[in-house]
Amino acid sequence: MISGSLIPQADLMHRFGETELAKLTDRPRAREINEAVLKRAIDDAESEANGYLRAAGFTEPFDEVPATLKVKVCDIARWYLYENGVTDIVEKRYKNAISWLKDVMKNPSMLGFEVEGVDEIKANNGIAVIPNELEEWKDVKGLF
């Protein structure tokens, strides 16, 4: 599982500005950025992106997160912040980010890294097969 942050809060502030983020996170008055709401959106965006990255064969945190990946995760986090009031451009950028992540699943080298086991993942059409039972459960099969 990939751990570690893909984007810091500063990336969102740099891309979308303090005013927009304040409006999206501070529910009552829209004057200050609510750090907890912003962190939840980042966590949700990173979880979504990590699902695609794991399917592409990435299991370790990146030493340096590729710039393109940061942009896409920022777009996903922004989409989460908009909740029910998503604008057309925010929706378009979110869908573009997801499409790009699906392309990364098929071609992990898009991120500029080599990944072990990519050929296995591609052979299974990007599907990882995980057994339904743990190895140690096989010894207790006849007991119940």
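Only a predicted model underlies this, so the values are computations on that prediction, with no experimental measurement involved. (Residues numbered from 1 in each chain as written. Predicted model: local features only at pLDDT ≥ 70, side-chain atom pairs only at ≥ 80, totals over all residues. Heavy atoms only, no water.)

Enquirer: What is the right way to look at the overall build of the chain in this model?
Expert: Summing up its helical and strand segments, the chain has 6 helices and 0 strands in all. Helices and strands appear in the chain in the N-to-C order α-α-α-α-α-α. Counting the 144 residues in the chain, one finds 37% classified as buried. The contacts of the chain with a sequence gap of at least 6 include a subset with a gap of at least 24, amounting to 69%. When the accessible surface of the chain is summed, it comes to about 9500 Å², and 49% of that surface belongs to carbon and sulfur atoms. (Helix = DSSP H or I, 4+ residues; strand = E, 2+ residues; numbered from the N terminus. Buried < 20%, exposed > 50% of the residue type's maximum accessible area, 1.4 Å probe, protein only. Contact = heavy atoms within 4.5 Å. Areas by Shrake-Rupley, 256 points an atom, 1.4 Å probe, with all protein chains shown as cover.)

Enquirer: Is there a simple way to explain the nonpolar core in this structure?
Expert: Within the largest apolar cluster, 35 residues are counted, with the highest numbers of intra-cluster contacts made by Leu 6, Leu 12, Leu 53, Phe 62, Leu 69, Leu 101 and Leu 111. Ranked by the residues each element gives to this core, the list is headed by helix α3 (residues 35–55), at 8 residues. With residues near it in sequence (within four places) discarded, Leu 6 still touches Glu 46, Ala 49, Asn 50, Leu 53, Phe 62, Val 65, Leu 69, Lys 70 and Val 73. (Core = buried A, V, L, I, M, F, W, Y, C linked by side-chain atoms within 4.5 Å.)

Enquirer: Is there a simple way to explain the pattern of salt bridges in this structure?
Expert: Oppositely charged side chains may form a pair once their charged atoms are brought near each other. This model, assessed by the stated rule, comprises 4 salt bridges. Where Glu 91 meets Lys 95, a salt bridge forms, and the shortest distance between an N and an O atom there is 3.8 Å. Of this pair, Glu 91 and Lys 95 both sit in helix α5 (residues 88–106), 4 residues apart, which is roughly one turn of the helix. In this structure Glu 91 comes out as partly exposed when scored by relative accessible area, which is 26%. The class of Lys 95 is exposed, set by a relative accessible area of 52%. (Salt bridge = Lys/Arg side-chain N within 4 Å of Asp/Glu carboxyl O.)

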